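# Structural overview for review
Listed below are the residues making up each chain.
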Amino acid sequence: MTTPSASIKPKDRDAILLSLGAGIVPRTGHKHIQVGRTAELKALLADLLRIAQGGSAFRLVVGDYGAGKTFFLHLVRAIALEKKLVVVNADLTPDKRLQATAGQARALYAELMKSMATRSRPEGGAMASVLERFVTLAVSAAQEAGASPEAVIRKRLARLEECVGGFDLARVVAAYWQGFDKGDDRLQAAAVRWLRGEYATRSEARADLGVRAIVDDASFYDHLKLLARFVRMAGYEGLLVCLDELVNLYKLAHTQARNANYERILTILNDCLQGGAEGLGFLLGGTPEFLLDTRRGLYSYPALQSRLAENAFATGGLIDHSGPILRLSNLTAEDFYLLLLNIRNVQAGGDESRFLLPETALTAFLDHCSRQLGDKYFRTPRTCIKAFVNLLAVLDQNPEAKWEALVGTVAVESERDPDLEPPEGVPGGDELATFRLN
Amino acid sequence: MPDAWIPPGSAVTVGPYRIADGMIYVGSDLRAGAGWGREAALIDPALPIRSDEPDYLGVGLSYRPSYSQLSPACRAAYLEWLAGGRASPNAPLGYVFLFYFGLERRLLLDPVSEEIRAAEWPILIAEIARLEVRYWHFGDFRHHATHLLAAISPPDDPDAAIGEPERPGEPGWPLGEAFGRGLRRLAASRRPLPADWAFAWLWSEPPAPLRTPALRCRAEFEALFKARYASAFGPGLRIKSRKTRIGGRYHPASPSLAYCGSIQTPGREDRRLIDTDALRAKLMAFAGACCQDLDAYSRYLGRNPAGSEYLAAVALLPRELLAGHPAAVPLEAWLERTIPGAGPTLVPASDLPPGFGTESARRDTLVVLADLAEKLGYGFEPDPRRTGRQAPAVTHLAFFRAPGDGRVRLECLALALSRLPAFTKDMRACLYSLKPADQKWVVRRIGTLAAGMALDQPARIGLMERLYESAGMGKQQAYRDFHGQICDPEPDALTTILARDRDRTTYRIPDPPPPTSGQPLDPARLARRIRETAEVASLLGAIFTESLEEDPSAPSNDAPGAPYRQLLRDLARADRWSRSDFQALCRPLGLPVDGTIESLNDLAFDAAGELLLEGTDPIFVSNDVLRMLT
């Protein structure tokens with residue numbers, strides 16, 4: 001039915017099955033299970049290409065609970081890595097947000113830097129690699145040109161200094177080089193620490209590195225822009241920032257805090273769409289209410305409302321994927337069926353002769369889910385897929401077991417949408433019914 | 001003395017009163033039939049008459065009076081009644097009897113020749129019949145008159161034609177003998193009562209007062225009565241005769257004829273009493289229903305006496321009276337032209353016929369339009385009558401042809417409301433006029449429709465939020481539906497373009513598709529998805545393996561530099577290096593550890609599509625890849 005990849009590496013296979021069995025989105029091997037969404041992927045491929053060419057991109061991926069936002073984000077992340085982009089990603093939480101005054105934005109920055117991934121380090125923690133790649137390139141260039149590496153590095157870093165906060169970043173990178181050059185591991189560690197946004201006070205940073213600034217809440221976005229330039233200088237194509245669970249901003253009970261975050265989104269959006277950022281892309285994942293709610297969502301912020309409004313001509317089945325909003329449709333029963341086919345294929349390592357279940361078994365499984373969870377079982381695929389992977393595991397380990405006997409016994413728990421719960425600390429979700437003393 | 005008799009058609013003057021058509025005794029001396037005293041009916045011109053103050057009410061009139069014993073004022077009133085043609089409905093029973101005594105005497109006592117009898121009797125009989133009807137409400141008189149007529153009138157042919165009924169005058173004003181005879185013929189021959197006869201009977205029936213609508217709008221009432229008569233009673237009501245045949249012994253009413261004995265007559269088939277009670281009950285119930293349907297119209301006319309031609313009044317008329325009504329013809333033509341089929345047709349408010357509008361100042365006209373349209377076989381939503389006369393200020397109305405079943409109405413309502421730019425209280429009123437399940441259906445339908453119209457999207461979402469909350473469904477559902485609709489539009493979603501096209505005033509909404517079968521997987525969609533999935537698989541396959549067939553146009557900075565070549569040679573010595581050993585290899589070359597791993601892996605990816613070095617401590621070397629790099 002689908003075109004299975006010739007073979008699936010055992011490593012990818014295990015990673016996929018383990019993640020799915022645990023109810024989470026796998027970090028690799030998405031290509032083996034992705035169903036549909038060609039147009040959306042093409043749109044994002046175009047975005048990545050633009051970033052690689054020194055442009056910028058901004059996408060808000062909107063999908064309902066269970067539509068596969070996170071999966072899609074991870075897939076795009078994997079593609080970006082493959083396209084030699086550096087990817088940082090984080091989930092927003094009440095303690096990690098885009099705009100704050102009590103360190104929450106710095107915490108988000110730190111989280112992003114911790115997750116920094118490259119093609120060779122897809123699992124994250126690639127900050128040192130990126131830095132050293134820069135140094136390595138500079139050293140090679142110096143050796144070829146017969147110049148001193150320090151001079152080459154300084155010359156290259158000079159290009160950063162024209163940006164906001166670029167001077168300090170250049171000094172920190174230079175400090176890293178010095179540490180490397182002199183074998184001073186402490187200095188190198190301090191530089192990495194600074195770049196990861198882990199300095200909480202200026203005096204500490206000044207004592208360790210001699211710089212007067214640190215990454216703080218206010219300079220969060222400026223540093224991302226700087227970093228984008230830097231990774232390009234280190235030989236990468238650009239920087240992709242993936243932020244998921246933006247619904248946490250929607251849940252902020254404090255109107256001003258919420259609006260400040262939306263304003264930050266507006267700044268980023270304007271910057272990216274006007275070309276103010278270089279080699280930088282943003283990929284945000286949120287739910288429809290985060291976008292559409294006219295009292296608490298992005299639509300409550302008039303400037304964003306007009307920028308994010310749907311293309312008036314893209315109606316009645318016509319689509320336009322050029323706007324900043326990328327809508328993911330809900331899964332259908334057909335999608336779900338194909339997904340099960342793909343999982344079966346992954347489990348068999350792409351080898352048709354090792355399929356554990358015939359296609360009739362998949363239909364029977366769908367029926368079973370439908371009976372247990374109701375008509376819209378495919379809207380919340382997490383638990384069904386988990387159950388399916390577990391079923392495959394049992395069949396795999398017990399060759400004597402018959403699927404006919406097992407399918408009907410699989411327990412599929414119904415899933416609750418956490419976004420339907422009232423926002424934290426807001427009884428009934430009514431912001432007029434509560435207040436906060438700051 | 002017979003000389004005192006004034007025959008019919010002869011005039012006589014008594015005092016100031018000229019009695020034109022006779023049928024009375026005038027003179028000074030006429031013995032009573034009983035043999036003593038004066039004839040009660042004899043008018044003695046010599047007796048005083050108080051013509052300046054006639055006693056119309058008959059105060060002091062005895063039950064069986066005698067002219068000679070009347071007060072002068074009563075005589076004046078009696079003579080005036082006679083001179084007036086004996087028709088005043090308010091005449092007291094005494095005057096009627098007094099006149100009737102004379103007729104009785106003439107018919108029963110006076111010896112007359114055959115010629116006179118042939119000339120006079122029909123006139124006298126007709127007069128009694130007339131009085132019988134005219135003073136029907138005097139039961140005693142009615143009883144005597146009926147029986148006298150039964151005794152002396154010639155037999156009637158029950159199968160004879162009845163012709164047109166007498167045109168009734170004032171309500172309760174009795175009709176003549178011909179009418180009564182017609183009724184008796186219908187009853188005797190068991191023919192149905194035609195509509196005009198039924199109406200005439202009802203209208204002239206005194207003891208059953210009609211309600212105001214019938215009296216105020218007589219023409220409309222009559223038309224409605226006749227229009228509905230056939231559907232209510234088929235060819236007509238059957239009038240029943242009572243079993244009692246009239247005839248037998250007749251006892252004269254006149255005291256002057258007392259003890260003259262009674263007249264024995266045989267019961268006659270053609271003179272049966274009609275069962276008026278049953279007839280009256282049926283006709284009054286029917287008339288009551290007609291009155292009820294005319295109530296609104298009548299009340300309107302009560303408030304606006306000159307408004308019978310206003311559309312607002314015409315709209316209140318029952319359906320039967322509206323068809324072809326001159327005031328409704330233009331609207332009917334407009335509806336015929338504009339609403340082509342049973343499905344919903346969306347009409348911009350600005351395109352409504354002149355005189356109708358949805359602006360707040362003209363909302364009442366919408367109620368008129370709704371009434372008129374309904375009676376002409378159409379309907380529209382939102383229906384202002386269901387929402388307590390608070391017609392919402394909508395931009396569009398959705399029309400349908402009757403009979404619009406519930407679904408069509410809901411669809412129309414959703415269509416019209418989905419065109420509103422913002423939430424209004426009226427909208428809530430519209431929703432709350434529906435059952436909860438219908439509310440939810442309409443709200444979701446509006447959601448679907450509004451999502452199909454991306455113009456001014458944020459405002460529409462605001463609208464949806466309020467609607468969903470009004471229907472108790474929660475805002476979250478609104479976002480979901482809106483989002484779902486944009487991603488995956490339903491096939492019947494509205495895609496009307498709002499721009500006005502002068503030639504087209506309405507937009508046809510496609511009929512909803514038949515419900516899909518309960519099959520879990522849609523083969524067409526599955527095929528589409530399989531195609532897309534294959535496409536995406538090949539797209540992704542190209543991305544994740546393209547490094548093997550690198551784009552030749554890409555800048556080639558992949559050739560390992562001199563230090564790397566040295567390092568690669570060193571690495572070939574083992575496939576597992578501790579980090580410190582690896583560092584020892586790098587340091588003399590001036591290379592940092594992590595940067596080196598990154599660079600080498602990058603080269604490896606480009607050359608072999610796989611990592612050369614894996615792990616951070618220890619570091620594993622893939623020999624296959626190493627061979628490809630060196």
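This text follows the structure it describes.
Residues numbered from 1 in each chain as written. Chains lettered and ligands numbered in written order. Predicted model: local features only at pLDDT ≥ 70, side-chain atom pairs only at ≥ 80, totals over all residues. Heavy atoms only, no water.

### Concerning the overall build of chain B
From N to C terminus, chain B includes 23 helices and 15 strands. Looking at chain B as a whole, 51% of its 630 residues are labelled buried. Restricting the contact set of chain B to residue pairs at least 6 apart, pairs at least 24 apart contribute 63%. A total of about 28700 Å² of accessible surface is found on chain B, and carbon and sulfur atoms cover 54% of it. (Helix = DSSP H or I, 4+ residues; strand = E, 2+ residues; numbered from the N terminus. Buried < 20%, exposed > 50% of the residue type's maximum accessible area, 1.4 Å probe, protein only. Contact = heavy atoms within 4.5 Å. Areas by Shrake-Rupley, 256 points an atom, 1.4 Å probe, with all protein chains shown as cover.)

### With respect to the sheet that holds strand β15 (residues 619–621) of chain B
Residue and element names in this part refer to chain B. Spatially, 3 strands are ordered β13-β15-β14 in an open sheet, and the strand pairing comes out antiparallel. Both edges of this open sheet fall to β13 (576–577) and β14 (613–614), since each of them pairs with a single strand only. Relative to β15, β13 runs antiparallel, the two being bridged by 2 bridges. The partner of R576 across the bridge, within β15, is F620. (Pairing = 2+ DSSP bridges.)

### Comments concerning the interface of chain B and chain A
Residue-level contacts link 58 residues of chain B with 71 residues of chain A. In total, about 5800 Å² of surface goes out of reach between chain B and chain A, with carbon and sulfur atoms giving 60% of it. Joining chain B to chain A, the criterion identifies 7 salt bridges. In this structure, E334(A) and R525(B) form a salt bridge, with 3.7 Å as the shortest nitrogen-oxygen distance. Elements that contribute at least two residues to the side of chain B that touches chain A include exactly α17 (457–470), α18 (475–487), α19 (523–545), α20 (562–571) and α22 (593–608) of chain B. The greatest single-element share of the side of chain B that touches chain A, amounting to 14 residues, is contributed by α19(B). (Buried area = accessible area lost by both parts, 1.4 Å probe. Salt bridge = Lys/Arg side-chain N within 4 Å of Asp/Glu carboxyl O.)

### Things to note about the sheet that holds strand β2 (residues 85–91) of chain A
All names here are of chain A. Strands sit in the order β2-β3-β4-β1-β5 across an open sheet of 5 strands; the sheet is parallel. Since the sheet does not close on itself, it has two edges, and those belong to β2 and β5 (325–328), each with one partner. Sheet twist, expressed as the average angle between the axes of neighbouring strands with direction ignored, equals 20°. Strands β2 and β3 (238–244) of the sheet are contacted by helix α5 (residues 104–114), whose axis makes an angle of about 130° with β2. Strand contacts of helix α11 (residues 220–233): β2, β3 and β4 (280–286), with the helix running at about 140° to β3, the strand carrying the most contacts. (Axes fitted to C-alpha atoms, helices over the stretch in contact; angles between N-to-C directions.)

### Structural notes on the packing of aromatic side chains
Under the criterion given, the structure shown has 31 aromatic pairs over all chains. Relative to Y78(B), the ring of Y67(B) has its centre 6.2 Å away and its plane inclined at 50°; by these criteria the two rings are tilted. Pair noted here: Y67(B) is in the loop between β4 (24–25) and α1 (72–83) and Y78(B) is in helix α1, with a separation of 11 residues, a long-range link. Judged on exposure class, the residue Y67(B) and its partner Y78(B) are both buried. Measuring from centroid to centroid gives 5.4 Å for F199(B) and W203(B), while their planes differ by 25°, and the two rings are stacked. One end of the pair, F199(B), and the other, W203(B), are both in helix α6 (residues 195–203), 4 residues apart, so they sit about a helical turn from each other. For F199(B), a relative accessible area of 1% puts it in the buried group. Owing to a relative accessible area of 2%, W203(B) belongs among the buried residues under this scheme. Each member of the aromatic cluster is reached from another via a ring pair, and the members are Y67(B), Y78(B), W81(B), Y95(B), F99(B), Y135(B) and F138(B). Looking at R193(A), its charged tip hangs above the ring of Y199(A), at a distance of 4.1 Å from the centre. One Lys or Arg, R64(B), reaches over the ring of F97(B) and ends 5.0 Å from the middle of that ring. (Phe/Tyr/Trp six-rings, centres within 6.5 Å; stacked < 30°, edge-to-face > 60°. Lys NZ or Arg CZ within 6 Å of the ring centre and 35° of its normal.)

### Focus on the state of the cysteines
With the rule as written, the count across this model stands at 0 disulfides over all chains. C291(B) supplies the cysteine sulfur nearest to C290(B), a cysteine that is in no disulfide, at a spacing of 7.0 Å. (Disulfide = S-S within 2.5 Å.)

### Focus: the packing of helix α2 (residues 93–108) of chain B against helix α4 (residues 139–152) of chain B
For any two helices packed against each other, the geometry comes down to the angle between their axes and how far apart the axes lie. Residues and elements named next belong to chain B. Look at α2 against α4: their axes get within 11 Å of each other, and the N-to-C directions meet at 20°. Classified by the angle between their axes, α2 and α4 sit roughly parallel to one another. Note on packing geometry: the crossing formed by α2 with α4 is left-handed. Touching L93, V96, F97, Y100, E104, L107 and L108 of α2 are D140, F141, H144, A145, L148 and I152, all from α4. (Parallel < 35°, antiparallel > 145°, perpendicular 65-115°, else oblique. Left-handed = near helix turned anticlockwise from the far one by under 90°.)

### Observations regarding the environment of K282(B)
All names here are of chain B. For K282, the location among the structural elements is in helix α9 (residues 276–303). When its relative accessible area of 46% is taken as the criterion, K282 is described as partly exposed. In this structure the C-alpha to C-alpha distance between K282 and L237, which are 45 residues apart in sequence, comes to 8.7 Å. If near-sequence neighbours (up to four positions away) are discounted, K282 is found in contact with F233 and L237.

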